[in-house]
Amino acid sequence: MPYRPVHEPRRDDCPWCGSKRLRTRLRAPDLRLRRPGLFALDECRDCAHVFQNPRLTSEGLELYAAEENRPVDRGRLLATARTMLRFPEPESWLDVGTGDAPFPAAARELFAYTAFDGVDPTRRAERARVAGRLDEAHVGQLTEPQVLSRLRGRYDVVSMLHHLEHTRDPRRELAAALTALRPGGHLLLELPDPASAFARVLGKWWHSYDQPRHLHLITLANLRSELEARGCEIVLTDRRAAHAPLDLAAAVSLYADRTRVPRAAGSLSAPAAALDHLLAPVLRRTRFSNAYRIVARRG
Ligand SMILES: [Zn+2]
């Protein structure tokens, strides 16, 4: 088999704004799956975009891909879905990067008359359809012409929850999402916030860095202007509600895995998780909030 490189060449400009004023923000190994390699995240001094550099190739991404089998927090998914209750009831909703479709499964409880479709590169979406969690499953990437041509202008809501950070070209993903929306439809986005103070405090132990699986960490300001430039109206931005209280517990668990001291993890993870929840009401109002949500209306 021919050798396929895992990394692309290192780039010397920001993939978001083209600036050459870059600095290395972080170097980290694969702390979660402990596969070999060291990865770097660069930060643009002009627009604050954070990105993996050098970036993994598609082959590299496959090598480090994780089957997401973290427990599903149904309450959080319901809270995210509830964001859309203030808008007219959608007839059709597309969840992008849906995996096993836990989000449509939860959102159905609030939107009983909405048809939920999902798109995912794996066969998991198809299994979710068979299990009744999706009405239609589309296997592939939304940006692929053969997928997108079927979905053009069909949806009242398109959701991308913690999806853009995994993609090679977030702008292309946004364009595809807007193409799938009908004019006046809503795009619901949730992303990790690279401006979170937890990123600075926890460094490589911050779960949202998740190297090498996160390729782009987009700032709220950058995403906002990108959507506006594409003719969208920003209906809502929210850091408080999007905060997921798990930074300390996740850091303790990554640290314990890395240092192979499971006993320490056992004794520390419960208090860390308790602290995450205890502090959440305060932290979500501060720069420690670890994620943000945007709802944009297609023009
Ligand atoms: Zn930039």
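Residues numbered from 1 in each chain as written. Predicted model: local features only at pLDDT ≥ 70, side-chain atom pairs only at ≥ 80, totals over all residues.

(A) Structural view of the sheet that holds strand β5 (residues 115–120). Spatial strand order, β6-β5-β4-β7-β8-β11-β10: seven strands in an open sheet with mixed pairing. Looking along the sheet, the strands with just one partner apiece sit at the ends: β6 (136–139) and β10 (233–238). Looking at each pair of strands side by side, their axes are set apart by 15° on average, direction ignored. Sheet topology note: the strand β7 (residues 155–161)/strand β8 (residues 181–192) ladder contains six bridges and is parallel. Looking across to β8, one finds that valine 157 is bridged to histidine 186. Seen against the sheet, helix α6 (residues 170–180) touches β4 (92–96), β7 and β8 and runs at an angle of roughly 145° to β8. Contacts between helix α8 (residues 220–229) and the sheet are confined to β10 and β11 (291–297), with β10 contributing the most and set at about 160° to the helix. (Pairing = 2+ DSSP bridges. Helix = DSSP H or I, 4+ residues; strand = E, 2+ residues; numbered from the N terminus. Axes fitted to C-alpha atoms, helices over the stretch in contact; angles between N-to-C directions. Contact = placed C-beta atoms within 7 Å.)

(B) Looking closely at the domain arrangement of the chain. Parsing the chain into structural domains produces domain 1 (74–196 + 221–240 + 293–297) and domain 2 (247–283). Inter-centroid distance (C-alpha atoms) of domain 1 to domain 2 is 31 Å. (Domains from an automatic or database assignment.)

(C) Just the pairing of strand β2 (residues 38–44), in detail. Most of β2 is tucked away, with five of its seven residues classed as buried. In terms of strand pairing, strand β1 (residues 22–29) meets β2 through seven bridges, oriented antiparallel. Bridged to leucine 26 within β2 is leucine 41. Note that β2 and strand β3 (residues 50–52) share three bridges and pair antiparallel. Following the sheet pairing, leucine 41 is matched in β3 by glutamine 52. (Buried ≥ 20, exposed ≤ 12 C-beta atoms within 10 Å, placed from the backbone.)

(D) Examining the nonpolar core more closely. Counting residues in each nonpolar core, the largest one holds 64 residues, and the members touching the most others are Leu94, Val158, Ala177, Ala180 and Leu187. Top contributing element to this core by residue count: helix α9 (residues 247–259), with six residues. A domain-level breakdown of this core finds at least three residues from each of domain 1 (74–196 + 221–240 + 293–297) and domain 2 (247–283). (Core = buried A, V, L, I, M, F, W, Y, C linked by C-beta atoms within 7 Å.)

(E) Examining the environment of proline 9 more closely. Mapped onto the elements of the fold, proline 9 is located in the segment before β1. Along the sequence, proline 9 and proline 90 sit 81 residues apart, while their C-alpha atoms lie 44 Å from each other.

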